Amino acid sequence: DMTFYGTDGKATTKHVDVPPTVRYTIDVNALGLGMTSLHGVVLRSASGQGFVAEQTIFARNYSTLRSTEGLAQ
């Protein structure tokens, strides 16, 4: 489950099924949430299984601006 927090205080939760041992990419802009570049997100495993998450911010020419990784505890 992904809960997105916008700068307007709005929170939106989306559920995504990801099979084990699969790398899954989510284009936040394609979700249609209207998020600006300033937003927060909390990821939670609905099954209780651990996962590794990475957020990569891209420039308009698709070059990487920055990347942040996290490990579910």
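Residues numbered from 1 in each chain as written. Predicted model: local features only at pLDDT ≥ 70, side-chain atom pairs only at ≥ 80, totals over all residues. Heavy atoms only, no water.

(A) Structural context of the sheet that holds strand S1 (residues 2–6). Strands sit in the order S2-S1-S3 across an open sheet of three strands; the sheet is antiparallel. Sheet topology places strand S2 (11–14) and strand S3 (39–43) at the edges, where each strand pairs with a single neighbour. Neighbour-to-neighbour, the strand axes of this sheet turn through a mean angle of 20°, independent of strand direction. Summarising the sheet, S1 and S3 pair through five bridges and their orientation is antiparallel. The residue bridging methionine 2 from the neighbouring strand is leucine 43, located in S3. (Pairing = 2+ DSSP bridges. Helix = DSSP H or I, 4+ residues; strand = E, 2+ residues; numbered from the N terminus. Axes fitted to C-alpha atoms, helices over the stretch in contact; angles between N-to-C directions.)

(B) Expanded view of the pairing of S1. Judged by how many residues are buried, S1 sits mostly within the fold: four of five residues are covered. Looking at chain direction, S1 and S2 are connected through four bridges and run antiparallel. Residue pairing in the sheet places tyrosine 5 in a bridge with alanine 11 of S2. Linking S1 back to S2 in an antiparallel pair, the connection comprises four residues, with glycine 9 at a positive phi of about 85°. (Buried < 20%, exposed > 50% of the residue type's maximum accessible area, 1.4 Å probe, protein only.)

The values are spatial; any link to function lies outside them.
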